[in-house]
Amino acid sequence: MLAQDTILKSTFDVAKIRQDFPILSTKVFGKPLIYFDNAASSQKPWKVIKAIEDYYTSLNSNVHRGVHYLSQKATDAFEESRKKIAAFINAAHDHEVIFTRGTTESINLVASSFGKAFIQQGDEIIISAMEHHSNIVPWQMLCEEKGASLKVAPINEKGELLMAEFKALLNDKVKLVAITYCSNSLGTVNPAKEIISCAHNRNIPVLLDAAQAIQHLPIDVQELDVDFMAFSGHKMYGPTGIGVLYGKEKWLDKMPPYQGGGEMIKTVTFEKTIYNDLPFKFEAGTPNIEASICLGAAVDYINEIGLQNIHEYEQQLLQYATEQLLNIEGLKIVGMANNKASLVSFTIDKLHPYDVGVILDKQGIAVRTGHHCTQPLMDFYCIPGTARASFAFYNTTEEIDALVVGVKKAIEMLS
Amino acid sequence: MTINETQDELINDFSFLGDWMEKYEYIIQLGKELPLINEQYKTEENLIKGCQSKVWLHAEFKDGNVFFTADSDAIITKGLVSMVIRVLSGHAPAEIVQSDLYFVDEIGLKEHLSVTRSNGLVSMIKQMKLYALALQSKT
């Protein structure tokens, strides 16, 4: 068993880190907020909050088109942020980083543009059984439009992708593999490198939904050799309404624009439009300038703490929470993969997750309940949903202890 | 008893309950006491889907009044449903259509009405009023 003091002896100064997040001192129903809904959206450090203030007090202007001072400054900050994000994931080129509204839009961009260029009737797209609706529905829509088929790689009871079954699905008809790096419902971290390597052996490109991985694991897109990767700003301590699509230049160059409008063009006549270069080809209209710039501040903050440190500390929290929660009679953890990110999804005998969530909320503990936008996965486990506690590096073992007490109280009240 | 009198009675019941825990214990108790919908009516057609919990609702028209029975898979939702049924069941369609369910707010459970996607309660109330409206137009 992992002793609490082992974690406290870690080099990680959680008390100091918590001071960077003002919202963590909030009281809910008179109790200190315990925020375990990080997989849905994470809290923001002062560095990001301050960057938002700085943007509106010293930078606010439209980007790329203005010749005036403020526009130049805003453009510089905007492109500087793109560079930071490219470096963060080790993209080969800054222009492989496309700003979007979030993971969902990033996936839709690929479904629409890659789909237009490369998917035809009879083709196949592979996803997995643990996908979030955002990595199911766009492909269903594309398949319906093109007469292609969606194939689903199965998982085992522990919530791990069955690699042999996945490999068996790879054939010449498959034109894309779109799989989550880390499951938002189970915490499973998929063997991304192996998945990509297997797909590439058959010249099939791979899209990774990294919405639940980018904030937990160091990711190097060149080392992974991934073709597309999608993630959101608000889950990685940045603002809402901003996300990233990483795409290899060789694919992005061949794909048609996602949307038409300003910025994505070089010249427009009523007869013909010449599209702009990357990344602007995929960034029609005025972008979310504030959030794009402040996502760079979030990346700076994560870099200061160090993703490896974050990963190690969160893994300790995961282990501690797993051990403590499994001591509760009737509690079952859904998703027991060997390689997991820091979240624990659980059910309790005869109790509905909604009821458990409401009782925990009244004790100041924020967990997510329901199907987590993974309804097919809940059907696989034959459950209506789970209660999910997802941890960030500002969470503590004391908070996990409070969760255990809270769950026991919920059981007592609801049974 | 009129719809508003029943609501006031519920508000009065809750005024004796101290903290959130007592309130929820009472709601859970009401959920357990809810006269269940006849199994034959627990169909897909009678299912009201919230994002998280499900509610089955059946309406019956008898002697000029509408009588509701229901069930839910979540006990807190079931308790809330139980209260709504206590307030609206057995009244004339016109009364149900015109009713203003202020009691949920008054007893400090507003979040269950505002979180429209989570528990199906708002959809249930809407459905009850729609039943009543349909019956009103027939009478």
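Heads up: the structure comes first, above all this text.
Residues numbered from 1 in each chain as written. Chains lettered and ligands numbered in written order. Predicted model: local features only at pLDDT ≥ 70, side-chain atom pairs only at ≥ 80, totals over all residues. Heavy atoms only, no water.

1. Some thoughts on the overall build of chain A
Scanning chain A from N- to C-terminus turns up 15 helices and 17 strands. For chain A, whose C-alpha radius of gyration is 22 Å, the value lies close to the compact-globule estimate of 22 Å for 415 residues. With the principal axes as the frame, chain A shows a C-alpha extent of 70 × 55 × 35 Å. Looking at chain A as a whole, 59% of its 415 residues are labelled buried. Residue pairs in contact within chain A that sit at least 24 positions apart in sequence constitute 72% of those at least 6 positions apart. (Helix = DSSP H or I, 4+ residues; strand = E, 2+ residues; numbered from the N terminus. Rg over C-alpha atoms; globule rule 2.2 N^0.38 Å. Buried < 20%, exposed > 50% of the residue type's maximum accessible area, 1.4 Å probe, protein only. Contact = heavy atoms within 4.5 Å.)

2. Some details on the overall build of chain B
Scanning chain B for helices and strands turns up seven helices and three strands. Ordered by position in the sequence, the α and β elements of chain B form the string α-α-β-β-β-α-α-α-α-α. Within chain B, the proportion of its 139 residues that are buried is 47%. Residue pairs in contact within chain B that sit at least 24 positions apart in sequence constitute 64% of those at least 6 positions apart. Side-chain charges in chain B split into 13 positive and 20 negative, and the spacing between the mean points of these groups amounts to 8 Å. (Lys, Arg positive; Asp, Glu negative; His and termini not counted. Charge placed at Lys NZ, Arg CZ, Asp CG, Glu CD.)

3. Observations concerning unusual backbone geometry
Residues and elements named next belong to chain A. Here Leu278 and Pro279 are connected by a cis peptide whose omega angle stands at 0°. Checked against the element boundaries, Pro279 lands in the loop between strand S12 (273-275) and helix H11 (289-305). Unusually for a residue other than glycine, His372 sits at a positive phi of about 55°. With respect to the element layout, His372 can be found in the loop between strand S16 (368-370) and helix H14 (375-381). Despite not being glycine, Cys373 has its phi angle at roughly 55°, a positive value. Mapped onto the secondary structure, Cys373 falls in the loop between S16 and H14. Given a relative accessible area of 30%, Cys373 falls into the partly exposed group.

4. Digging into the sheet that holds strand S5 (residues 124-128) of chain A
All names here are of chain A. Strand order in the open sheet made by the seven strands is S4-S10-S9-S8-S7-S5-S6, with mixed pairing throughout. The two strands at the open ends of the sheet, each matched to only one other strand, are strand S4 (97-100) and strand S6 (149-153). Mean inter-strand twist for the sheet, computed between neighbouring axes without regard to direction, equals 20°. The sheet contact formed by strand S7 (residues 174-180) and strand S8 (residues 206-209) spans four bridges and is parallel. Directly across from Thr180, in S8, lies its bridge partner Asp209. Along the sheet, helix H4 (residues 69-88) contacts S4, strand S9 (228-232) and strand S10 (243-247); its crossing angle with S4, the most-contacted strand, is approximately 115°. (Pairing = 2+ DSSP bridges. Axes fitted to C-alpha atoms, helices over the stretch in contact; angles between N-to-C directions.)

5. Here we look at a negative patch on the surface
Among the surface-exposed residues, A:Glu412, B:Asp19, B:Glu22 and B:Glu25 lie close enough to one another that they form a single negatively charged patch. Considering the arrangement of structural elements, one finds A:Glu412 in helix H15 (residues 397-414). (Patch = residues over 30% accessible without salt bridge, like charges linked within 9 Å, V, L, I, M, F, W, Y side chains within 5 Å. Areas by Shrake-Rupley, 256 points an atom, 1.4 Å probe, with all protein chains shown as cover. Salt bridge = Lys/Arg side-chain N within 4 Å of Asp/Glu carboxyl O.)

6. Observations regarding the pairing of S4(A)
Residue and element names in this part refer to chain A. The alternating pattern of S4 places Val97 and Phe99 on one face and Ile98 and Thr100 on the opposite face, and all of these are buried. Where S4 meets S10, four bridges bridge the pair, whose relative direction is antiparallel. Paired with Ile98 across the bridge in S10 is Leu245.

7. Concerning H15(A)
For H15(A), with 18 residues, the first-to-last C-alpha span of 26 Å sits near the 26 Å given by 1.5 Å per residue. Looking only at H15(A), the buried set comprises A:Thr397, A:Glu399, A:Ile400, A:Leu403, A:Val404, A:Gly406, A:Val407, A:Ala410, A:Ile411, A:Met413 and A:Leu414. (Expected span 1.5 Å × (residues − 1).)

8. Section: the interface of chain B and chain A
With 18 residues of chain B in contact, the opposing surface of chain A contributes 14 residues. Both faces combined, the contact of chain B with chain A buries some 1,500 Å², and carbon together with sulfur accounts for 64% of it. Inspection of the region where chain B meets chain A yields zero salt bridges. Along the contact surface separating chain B from chain A lie four residue pairs in polar contact (both at pLDDT 80 or more). In terms of residue count, helix H2 (residues 20-33) of chain B provides more of the side of chain B that touches chain A than any other element does, six residues in total. Partitioned by chemical class, the residues of the side of chain B that touches chain A number eight nonpolar, six polar and four charged. (Buried area = accessible area lost by both parts, 1.4 Å probe. Polar contact = N/O pair within 3.5 Å; in protein donor to acceptor, adjacent residues only side chain to side chain. Nonpolar A, V, L, I, M, F, W, Y, C, P; charged D, E, K, R; others polar.)

9. So, the sheet that holds strand S17 (residues 386-390) of chain A
Residue and element names in this part refer to chain A. Across the sheet, which stays open at both edges, the four strands sit in the order S13-S14-S17-S16 with antiparallel pairing between neighbours. The sheet terminates laterally at strand S13 (331-333) and S16, the two strands that pair on one side only. The mean angle between the axes of side-by-side strands here comes to 30°, regardless of whether they run parallel or antiparallel. Relative to S17, strand S14 (residues 343-348) runs antiparallel, the two sharing four bridges. Residue pairing for S17: Ser345 is matched across the bridge by Arg388. Strands S14, S16 and S17 of the sheet are contacted by helix H13 (residues 353-362), whose axis makes an angle of about 160° with S16.

10. Describing the packing of aromatic side chains
Taken as a whole and judged by the stated rule, the model has 21 aromatic pairs over all chains. With a centroid separation of 6.5 Å and 40° between ring planes, the pair formed by A:Phe228 and A:Trp251 is classed as tilted. Linking A:Phe228 in strand S9 with A:Trp251 in helix H10 (residues 249-252), this pair joins segments that are 23 residues apart in sequence. When the ring of B:Trp20 is compared with that of B:Tyr24, the centres are 6.1 Å apart and the planes differ by 65°; the resulting orientation is edge-to-face. Of the two residues, B:Trp20 and B:Tyr24 both sit in helix H2, four residues apart, roughly one turn of that helix. (Phe/Tyr/Trp six-rings, centres within 6.5 Å; stacked < 30°, edge-to-face > 60°.)

11. A word on the nonpolar core
The biggest cluster of nonpolar side chains holds 155 residues, and the ones touching the most others in it are A:Val177, A:Met229 and B:Ile76. Grouped together as the second largest cluster of nonpolar side chains are 25 residues, A:Val110, A:Phe114, A:Ala178 and A:Leu207 included. (Core = buried A, V, L, I, M, F, W, Y, C linked by side-chain atoms within 4.5 Å.)

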